[in-house]
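# Examination of the molecular architecture
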Amino acid sequence: MSTIFGVAVSPFVRKAILAHAYKGVQFEIKMLPPGDEDAEFRQASPLGKIPGYKTDNGALFSDSSVIIAYLEKVHAENPLYPENPESLARALWFEEYADSKLAEACNALYFQLIVGPKFFGHSPDENRIIEIRKQLLPETFNYLNSQMSAGQWLIDNEFSVADIAVGAFLINLEHAQYEIDSSSYRNLADFYQRFVAFEFVQAQLNIEKGILFN
Ligand SMILES: N[C@@H](CCC(=O)N[C@@H](CS)C(=O)NCC(=O)O)C(=O)O
């Protein structure tokens, strides 16, 4: 069985976990924080970022996108990569956009309201929270909302890595009790409701809520 190194409440680790869950692929999780000195983890992730990964055969590497690419190659069932080359490229673009711009906005609020206070003893910075709510989130929501159609998954209405990536970062907002305004961002709000309705996403959310709020 493969091993994911990291903590389930990290959004990039969550993204890798959700890809496994969607495909029905079992994995173990070795719980450790970013920067941990565990020797295998540091071989997998010399930068100390989570998730790190160890395959059934002992190959070590890191990065949520790399892990999903590997997973898709080894487990073809429930594909996450579209067949059509243009669709594949667009799915990878949305994954990249989610990992960068959407992650920046969603992680910032999650850090201010949940991770900082709970794990690092930080007090929320009210000015930063206003900036995130008024600027960072609307910028990325406007783009994503414009790229979505009501009731459809991002690429060709087939569930893909693009949806896993976008959904994984939006979960941060749920933890931070931030609701996407459906009057301003109808497609995105609808997307998130359909995403969290999946049983495999609910299961992950419940695990995370147990870690964060119990
Ligand atoms: N591109 C990486 C990013 C991973 C990442 O930034 N993980 C965060 C935790 S959510 C981390 O380890 N941060 C610590 C650091 O940047 O040193 C991926 O997709 O896995």
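Note that the structure is a prediction, hence the values are computed from the model and not measured. (Residues numbered from 1 in each chain as written. Predicted model: local features only at pLDDT ≥ 70, side-chain atom pairs only at ≥ 80, totals over all residues. Heavy atoms only, no water.)

### Structural notes on helix α4 (residues 85–120)
This is how the line gets drawn: Elements are defined by DSSP. Helices are runs of H or I of four residues or more, strands are runs of E of two residues or more, and each kind is numbered from the N terminus. Expected span, for any helix, means 1.5 Å times one less than how many residues it has. N or O atoms closer than or at 3.5 Å make up a polar contact, with two conditions inside protein: a donor-capable atom paired with an acceptor-capable one, and, for residues adjacent in sequence, both atoms drawn from side chains.
Between its first and last C-alpha, α4 extends only 44 Å over 36 residues, short of the 52 Å set by a 1.5 Å rise per residue. Sitting at the amino-terminal end of α4 is N84, which places a side-chain oxygen 2.9 Å from the backbone nitrogen of E86.

### Focus on the side chain of T3
Where we set the bar: We call two residues in contact when some of their heavy atoms are within 4.5 Å.
Tracing the sequence through the fold places T3 in strand β1 (residues 2–5). Other than its neighbours up to four places away in sequence, T3 contacts E28, K30, G52, Y53 and K54.

### Overview of the side chain of S87
Tracing the backbone through its elements, the reader meets S87 in helix α4. Polar contacts involving the side chain of S87 include one to the side chain of D156, which spans 2.6 Å. S87 has contacts with P82, I155 and D156, leaving out every residue within four places of it along the chain.

### Topic: the nonpolar core
We count it as follows: The nonpolar core is taken to be a set of buried Ala, Val, Leu, Ile, Met, Phe, Trp, Tyr and Cys residues, with the residues joined through side-chain atoms within 4.5 Å. Only protein chains enter the accessibility calculation, which uses a 1.4 Å probe. A residue is then buried if its area is under 20% of the maximum for its type, exposed if over 50%, and partly exposed in between.
Ranked by internal contacts, the top residues of the largest apolar core, which has 69 residues, are L102, L137, F141, V166, L170 and F195. It is α4 that contributes the most residues to this core, 13 residues altogether. Those residues in contact with V166 that sit more than four places away from it in its chain are A98, L102, L144, M148, L154 and F191.

### Some remarks on the domain arrangement of the protein chain
Defined as follows: In this entry, domain limits derive from an automatic or database-based domain assignment. Simply put, the buried area is the total loss of 1.4 Å probe accessible area from both parts when two parts are fitted together. Criterion for a salt bridge: a side-chain nitrogen of Lys or Arg within 4 Å of a carboxyl oxygen of Asp or Glu.
What the domain assignment lists for the protein chain is domain 1 (2–74) and domain 2 (85–213). Relative to domain 2, the C-alpha centre of domain 1 lies at a distance of 20 Å. Across the interface of domain 1 and domain 2, roughly 1,500 Å² is buried in total on both sides, 72% from carbon and sulfur atoms. If you sort the residues of domain 1 by the area they bury against domain 2, V9, R14 and L18 come out on top, with a joint share of 41%. At the boundary of domain 1 with domain 2, the tally comes to three salt bridges. We note a salt bridge from K15 to E95, for which the minimum N-O separation is 2.9 Å. Linking domain 1 with domain 2 are nine residue pairs in polar contact (both at pLDDT 80 or more), by the criterion used here.

### A word on the pattern of salt bridges
Inspection of the entire model under this criterion finds eleven salt bridges. Linking D38 and K30 is a salt bridge whose minimum nitrogen-to-oxygen distance equals 2.9 Å. Of the charged contacts in the structure, one is a salt bridge between E40 and K54, with a shortest N-O distance of 2.9 Å. In this pair, E40 is assigned in helix α2 (residues 39–44) and K54 in strand β3 (residues 52–54), connecting sequence segments 14 residues apart. K54 sits in the partly exposed class, given a relative accessible area of 22%. In the salt-bridge network here, residues are joined through shared partners; they are K15, E95 and D99.

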